[in-house]
Amino acid sequence: MTDTLINTLTCENLSKSYGGVVAVRDVGFTIAPGEAYGLLGPNGAGKTTTISMLVGLLKPDTGTVVVGGADLATDPMAAKAKIGYVPQEIALYPDLTGRENLRFFCRLFGLPRREVRGRVEEVLDLVGLADRADAKLDTYSGGMKRRINIGAALLHRPELLILDEPTVGVDPQSRKSILDGLERLVADGMALLYTSHYMEEVERICHRIAIVDHGSVVAEGTRHELVELVGGADRIELTLDGDVETALAKLRGLGGVTEAVRTTAGSVRLIAEGGRYLLPAVISTVDGIAAVTAVEVVEPDLEATFLHLTGSTLRD
Amino acid sequence: MRPHPVLALVAANLRRHSRDRVGLFFIVVMPFVSIVFVGMALGGGAAASRLPVGVVAQESDPVAAAVLAELRAHPDLEITSVGGEEELRAGVRGGALAAGVVIPPGSTTFELVMTQSSGSGMAARSAVDVSVGRVAAVIEATRAATSAGATPAQAAELVRKAQAASADVEVVNSDTASGTPRGFAYTAPANLLLFTFINSMAVAAALVESRRIGMLPRAFTAPVRRGAVLFGEALSRFIVAAAQAVLIMVVSSLLFGVSWGEPFGVAAVVGVFALVATGAAILMGSLVRSSAQPSAIGPPLGIVLGMLGGCLWPAEAAGQTLTAIGHLFPHAWGMDALLTLSRPGTGLGDVLPEVAVLGLMAAVLLSLSLVLFSRRTRTL
């Protein structure tokens, strides 16, 4: 109970099935005020279903969602009023201007009439579109649309901002502008739930990250804690030409190598403590069995952790 | 003061429609182009035109002369003398004449020629019955006076006095059918139904677009009841349909002098038909995937329903089978009601069955479409 009062978002035991297929199983996490929380997972992992339940579009089979002390199931209007939701698609009227779109959302969220004008101007300034406010949305660039898409979720000053892939298809300049803006919002005390295919974005702005796979949270923690899950081991990717199976067997016996797997016909992945220093030994171990045609050493990072936990890259 | 989210949705949707130039052309200009050209082709004129009735008779015969005089005096009939029976039958068969009357010399038994399925023929028959009845009454009154001992001159004088007295009797509510109106009086209601339906279907494109871009799911994440969002979307479409109907009524009244009839009756018919069109638009907006589909499917569908419902040509020209099929759809009921109301002395009470059927169709369509629409917008 204390948690639900302290945290901006508390969700517990969220589950959702479609027929016999489990889309989300027992997902739970909390987000504190001023905290940015990342949700990472490959396509089909259950991120969108989780978000649909958090914003009230889907009714969970089990579990609870409490936003700013309001239970989404028993007091949906109060809970929804505390959430700003930025969908992945540009969910705005393309034939209305940026200003008209923002006014529409002000009215939809029930802002008092006298506040609408001022709040629209504030948000236009915040997203840097004051000078294009009276142009129709279908004349905006992709980046401008993304910015106004985010702006529409900020009009009612939500306690929790939920963003689903907010930078898809955006040029680097706009991406930087969006991320800078989000960091300012978090610094001002807004809670953030962020999903993205761009690992570097999540690493940059999220304080804590949950890795979701097959509908469940498989790991959760700060970036440092997650990287620690796979240890400080480096990942060595080898491309071999020759007797790959024999080479693999030899590499498994090499001191310092904790894991050796064949990834494709001619490729082998090694996980090794201080792997970058082990390279000469690796090459001499396979000498005469297979020729090393390519080698890559990857230091531990979130991408490596994600790969280790889900078996796939984020863009798979 | 907090604005109502339903009004926010309606305002946004109407603003979007007002910026669709092609859509505006089809709402503001196209109906009147159709009313003018089809109306002129059907004889122009705002009032119900007179029914052409051919007569084969010798005017030297006193009974024939009396009947002809009555027929010519009837306000709904246009009497044409025809040379012979064959020519008369050919005229009726070909549709040039609504009906024909053959009056043999020296006989009081007349032959009425008409086609069974013709509404105009039925209307002409009714008018002919009235005229012939008046002559029969005079003959019968003269016979009665003569039987009572009056001389032919006295009998004629008595009958003349009786006729003069009966002229003081005012018929305030005649249920004599006047047949299908022609000209603008026909094309204005026909195009009202046609374009209200077609343009409602076409504006469903905006609904599909809102669904496709995720605008509606996003609206559902606001602190607004799901029903309010659905109601806002439905109300937007109803306003477009009703505005289309009102525009056609006002402009056709002012420019073409079309008389629509008793206002409550017309409002009821147009209101329920606009609800039917709204239901059809939401159904379309729920079923199709692309925003290009409503404008591709809507007009042909609307035209076919209009054909079956008598919006493109009088239902009587379509024959009984097509007319019966047409009554499976709303346009036929709308046409029946609006044409009934265009006749003098009719009102809401005369079109209650049509209003009830249209109301039922609207209820079914709206319920079905809103359930479907709600399901289609449930997830992200």
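On a predicted model such as this, the values are computed, not experimentally measured, just so you know.

Colleague: If you had to explain the overall build of chain A to someone new, which residues and values would you point to?
Modeller: In terms of helices and strands, chain A carries twelve helices and 14 strands. By principal-axis analysis of the C-alpha atoms, chain A measures approximately 80 × 45 × 35 Å. Burial status across chain A gives 54% buried among its 316 residues. Counting only contacts in chain A whose residues sit at least 6 apart along the sequence, the fraction spanning at least 24 positions is 67%. Counting only carbon and sulfur atoms, one obtains 50% of the accessible surface of chain A, whose full area is about 13,200 Å². In chain A, 32 positive and 44 negative side-chain charges are present, and the distance between their average locations comes to 8 Å.

Colleague: Just give me the short version of the nonpolar core, but keep the residues and values in it.
Modeller: Membership of the largest hydrophobic core comes to 73 residues, with the highest contact counts inside it found for Phe 29, Leu 54, Phe 104, Phe 105 and Ile 162 of chain A. With sequence-adjacent residues up to four places away left out, Ile 162 of chain A is seen in contact with Ile 51, Leu 54, Val 55, Ile 83, Gly 84, Tyr 85, Val 86 and Leu 193 of chain A. Grouped together as the second largest cluster of nonpolar side chains are 49 residues, Ala 188, Ala 274, Ala 280 and Leu 358 of chain B included.

Colleague: Describe in detail the packing of aromatic side chains, supporting the description with residues and values.
Modeller: Residues and elements named next belong to chain B. Summed over the entire model, instances satisfying the criterion amount to five aromatic pairs over all chains. Their ring planes at 90° and their centres at 5.6 Å tell us that Phe 25 and Phe 26 sit as a pair that is edge-to-face. For Phe 25, a relative accessible area of 39% corresponds to the partly exposed category. Their ring planes at 50° and their centres at 6.4 Å tell us that Phe 197 and Phe 273 sit as a pair that is tilted. Note that Phe 197 is positioned in helix H7 (residues 184-212) and Phe 273 in helix H10 (residues 263-287), a separation of 76 residues in sequence. By relative accessible area, which is 3% here, Phe 197 ends up buried. By relative accessible area, Phe 273 is classed as buried at 1%.

Colleague: Kindly report on the packing of helix H6 (residues 142-154) of chain A against helix H7 (residues 172-187) of chain A, identifying the contributing residues and their values.
Modeller: Residue and element names in this part refer to chain A. Packing of H6 against H7 leaves a shortest axis separation of 9 Å and a crossing angle of 15°. With respect to their mutual orientation, H6 and H7 come out roughly parallel. In this structure, the crossing between H6 and H7 has a hand that is right-handed. Across from Gly 143, Arg 146, Arg 147, Ile 150 and Leu 154 in H6, the residues of H7 making contact are Ser 174, Ser 177, Ile 178 and Leu 185. Per-class residue counts for the contact of H6 with H7 are four nonpolar, three polar and two charged.

Colleague: Any chance you could break down the domain arrangement of chain A for me, citing the residues and the numbers?
Modeller: Parsing chain A into structural domains produces domain 1 (2-227) and domain 2 (233-299). Taking only C-alpha atoms, the centre of domain 1 of chain A and the centre of domain 2 of chain A are 42 Å apart.

Colleague: Before we move on, could you go through the interface of chain B and chain A and cite the residues and values that matter?
Modeller: Contacts between the two partners involve 29 residues from chain B, matched on the other side by 37 residues from chain A. Summing both partners gives a buried area of about 3,100 Å² for chain B against chain A, and 63% of it is carried by carbon and sulfur. Linking chain B to chain A there are three salt bridges. Two residues, Arg 16 of chain B and Asp 95 of chain A, come together in a salt bridge whose shortest N-O distance is 2.9 Å. Across the contact surface, chain B and chain A share seven residue pairs in polar contact (both at pLDDT 80 or more). Within the residue set of the side of chain B that touches chain A, elements represented by two or more residues are helix H1 (5-18), H7 and helix H8 (215-220) of chain B. The biggest single contributor to the side of chain B that touches chain A is H1 of chain B, with seven residues.

Colleague: Which residues make up the pattern of salt bridges, and what values go with them?
Modeller: Here the structure, examined in full by the defined rule, presents 23 salt bridges over all chains. The closest approach of N and O atoms between Arg 262 of chain A and Glu 245 of chain A, which form a salt bridge, is 2.7 Å. Taken together, the positions of Arg 262 of chain A in strand S12 (residues 257-264) and Glu 245 of chain A in helix H10 (residues 244-252) put the pair 17 residues apart, joining distant regions of the chain. Note on Arg 262 of chain A: relative accessible area 36%, which makes it partly exposed. For Glu 245 of chain A, a relative accessible area of 43% translates into the label partly exposed. Residue Glu 85 of chain B pairs with Arg 89 of chain B through a salt bridge whose shortest N-O separation is 3.3 Å. On the criterion of helical spacing, the pair formed by Glu 85 of chain B and Arg 89 of chain B is a turn pair, its members being four residues apart in helix H4 (residues 85-94). Taken together, the shared-partner salt bridges in this structure form one network comprising Lys 176, Asp 180, Glu 183 and Arg 204 of chain A.

Colleague: Describe helix H3 (residues 62-73) of chain B, and please don't skip the residues or the numbers.
Modeller: All names here are of chain B. Over its twelve residues, H3 extends 17 Å from the first C-alpha to the last, a length consistent with the 16 Å expected when each residue adds 1.5 Å. For H3, the complete set of buried residues consists of Val 63, Ala 64, Val 67, Leu 68, Glu 70 and Leu 71. Projected down its long axis, H3 shows its buried positions confined to an angular sector of 160°, all on one face. Residues Pro 62 and Ala 73 are exposed on H3 and point more than 90 degrees away from its buried face.

Colleague: An account of the sheet that holds strand S4 (residues 111-113) of chain B is requested, with residue identities and associated values reported.
Modeller: Residue and element names in this part refer to chain B. Read across the sheet, four strands follow the order S2-S1-S3-S4 without closing on themselves; strand pairing throughout is mixed. Looking at the sheet topology across the chains shown, the edges are occupied by strand S2 (77-81) and S4. Each adjacent strand pair in this sheet contributes to an overall mean axis angle of 25°, direction not counted. Looking at chain direction, strand S3 (residues 99-102) and S4 are connected through three bridges and run antiparallel. Within the sheet, the bridge partner assigned to Val 102 lies in S4 and is Glu 111. Contacting strand S1 (51-56) and S2, H3 crosses the sheet at an angle of about 140° to S2.

Colleague: Tell me about the packing of helix H4 (residues 98-108) of chain A against H6 of chain A, and name the residues and values.
Modeller: All names here are of chain A. H6 packs onto H4 with a crossing angle of 25° between their chain directions and a minimal axis gap of 9 Å. In this view, H4 runs roughly parallel relative to H6, as classed from their interaxial angle. Between H4 and H6 lies a crossing whose hand is right-handed. Side by side, H4 and H6 meet where Gly 98, Leu 102 and Phe 105 of the first sit next to Ile 148, Gly 151 and Ala 152 of the second. In the contact of H4 with H6, the residues fall into four nonpolar, two polar and no charged.

Colleague: Which residues make up the sheet that holds strand S11 (residues 234-242) of chain A, and what are the values?
Modeller: Residue and element names in this part refer to chain A. Pairing in this open sheet of four strands is antiparallel, and the strands run S12-S13-S11-S14 from one edge to the other. For this open sheet the edge positions go to S12 and strand S14 (290-298), each flanked by a neighbour on one side alone. On average, adjacent strands in this sheet sit at an angle of 20° to one another, irrespective of strand direction. Here six bridges tie S12 to strand S13 (residues 267-272), and the two strands are oriented antiparallel to one another. In the sheet register, Arg 262 faces S13, and the bridge partner there is Val 268.

Colleague: For the environment of Asp 20 of chain B, give the residues involved together with the corresponding values.
Modeller: All names here are of chain B. Residue position: Asp 20 is located in the loop between H1 and helix H2 (21-41). Spatially, the C-alpha atom of Asp 20 lies 9.5 Å from that of Val 203, the residues being 183 residues apart in sequence. Separated by 3.1 Å, the side chain of Asp 20 and the backbone nitrogen of Gly 23 make a polar contact.

The rules behind the values
- Residues numbered from 1 in each chain as written.
- Chains lettered and ligands numbered in written order.
- Predicted model: local features only at pLDDT ≥ 70, side-chain atom pairs only at ≥ 80, totals over all residues.
- Heavy atoms only, no water.
- Helix = DSSP H or I, 4+ residues; strand = E, 2+ residues; numbered from the N terminus.
- Buried < 20%, exposed > 50% of the residue type's maximum accessible area, 1.4 Å probe, protein only.
- Contact = heavy atoms within 4.5 Å.
- Areas by Shrake-Rupley, 256 points an atom, 1.4 Å probe, with all protein chains shown as cover.
- Lys, Arg positive; Asp, Glu negative; His and termini not counted.
- Charge placed at Lys NZ, Arg CZ, Asp CG, Glu CD.
- Core = buried A, V, L, I, M, F, W, Y, C linked by side-chain atoms within 4.5 Å.
- Phe/Tyr/Trp six-rings, centres within 6.5 Å; stacked < 30°, edge-to-face > 60°.
- Axes fitted to C-alpha atoms, helices over the stretch in contact; angles between N-to-C directions.
- Parallel < 35°, antiparallel > 145°, perpendicular 65-115°, else oblique.
- Left-handed = near helix turned anticlockwise from the far one by under 90°.
- Nonpolar A, V, L, I, M, F, W, Y, C, P; charged D, E, K, R; others polar.
- Domains from an automatic or database assignment.
- Buried area = accessible area lost by both parts, 1.4 Å probe.
- Salt bridge = Lys/Arg side-chain N within 4 Å of Asp/Glu carboxyl O.
- Polar contact = N/O pair within 3.5 Å; in protein donor to acceptor, adjacent residues only side chain to side chain.
- Expected span 1.5 Å × (residues − 1).
- Arc of directions from axis to C-beta.
- Pairing = 2+ DSSP bridges.

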